[in-house]
Amino acid sequence: MKRRCRFCISFALVFALALGLLLPASNVNAAGKEKSKKVLVVYFSATGTTKSAAKKIEKATDGKLYQIKAAKRYTDADLDYSNDDCRANREQKNESSRPKVKGKIKNIRKYDVIFIGYPIWWGKEPMIIRTFLESYNLKGKKIVPFCTSGGSGISGSRKGIQAAAKGATVTKGKDLTDASSKSVAKWAKKQIK
């Protein structure tokens, strides 16, 4: 009887261990329910337009909102695109330009999905976005770009985002310039599945 009981307990332990090894631990909690992914919504917004899109994503995903701030704030003169020598134009013409960022996210490792938003400057992301991405180890993270644009769209920024977010999976992204809260929420929720 004791032997049989020991055998049953041993079998149960082996079975439980095997079951535990088969379950994807990163997505399932102790109760067997799927864990929700931790979401970070990062944005750079010189004029406030991208901030509005970021807040819609934050609301839809229950993510944490973080604003990328330039160490040296952009003035109206810095953003005067009609002046070839304005700060924004000089930065965009120089692929190695990395404007300094003010502040740092203390524990970026705890986030699974990072939405990153920016305005489109001369067909691509502002160089400060590359500064931000290159400042962290993003290996294994899912990076979801979003932008606001006067007409260029997001496609021209994907290459720069992919290069700066080494080791991360970068999605196609989306231009949210005129997107409604409802359409942003629908898109954002799909990105965290």
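Student: Outline the nonpolar core, supporting the account with residue identities and numerical values.
Tutor: The biggest cluster of nonpolar side chains holds 32 residues, and the ones touching the most others in it are Val42, Phe132, Leu133, Leu138 and Ile143. Those elements that provide at least two residues to this core are β1 (39-43), β5 (113-119), α4 (127-134), β6 (142-148) and α5 (158-164). Looking at this core element by element, the count peaks at four residues for α4. Look past the residues within four positions of Ile143 in its chain and what remains in contact with it is Ile114, Ile116, Leu138, Ile161, Ala165, Ala168, Thr169, Val170 and Thr171.

Student: Give a detailed account of the pattern of salt bridges, specifying residues and quantitative values.
Tutor: In total, this model carries six salt bridges according to the counting rule given. The closest approach of N and O atoms between Glu91 and Arg87, which form a salt bridge, is 3.1 Å. Residue Glu91 and its partner Arg87 are located together in helix α3 (residues 87-93), separated by four residues, close to a single helical turn. For the pair Glu91 and Arg87, one class covers both residues: buried. A salt bridge links Arg130 to Glu125, with the shortest nitrogen-to-oxygen separation between them at 2.5 Å. Exposure class is identical for Arg130 and Glu125. Each is buried.

Student: Describe helix α6 (residues 181-191), and please don't skip the residues or the numbers.
Tutor: Those residues of α6 that sit buried are Val184, Ala185, Trp187, Ala188 and Gln191. Those residues of α6 that are buried are in contact with α2 (49-61), β5, β6 and β8 (174-175).

Student: Requested: an account of the pairing of β5, with residues and values cited.
Tutor: By the criterion of burial, β5 is predominantly enclosed, with seven of the seven residues buried. Neither face of β5 is left uncovered, since the one carrying Val113, Phe115, Gly117 and Pro119 and the one carrying Ile114, Ile116 and Tyr118 both have all their residues buried. One ladder, built from seven bridges, connects β5 with β6; its direction is parallel. When the bridges of β6 are listed, Pro119 appears paired with Thr148. With α4 bridging β5 and the parallel β6, this β-α-β connection has right-handed handedness.

So, how was this worked out
- Residues numbered from 1 in each chain as written.
- Predicted model: local features only at pLDDT ≥ 70, side-chain atom pairs only at ≥ 80, totals over all residues.
- Heavy atoms only, no water.
- Core = buried A, V, L, I, M, F, W, Y, C linked by side-chain atoms within 4.5 Å.
- Buried < 20%, exposed > 50% of the residue type's maximum accessible area, 1.4 Å probe, protein only.
- Helix = DSSP H or I, 4+ residues; strand = E, 2+ residues; numbered from the N terminus.
- Contact = heavy atoms within 4.5 Å.
- Salt bridge = Lys/Arg side-chain N within 4 Å of Asp/Glu carboxyl O.
- Pairing = 2+ DSSP bridges.
- Right-handed = clockwise from strand over helix to strand, strands pointing away.

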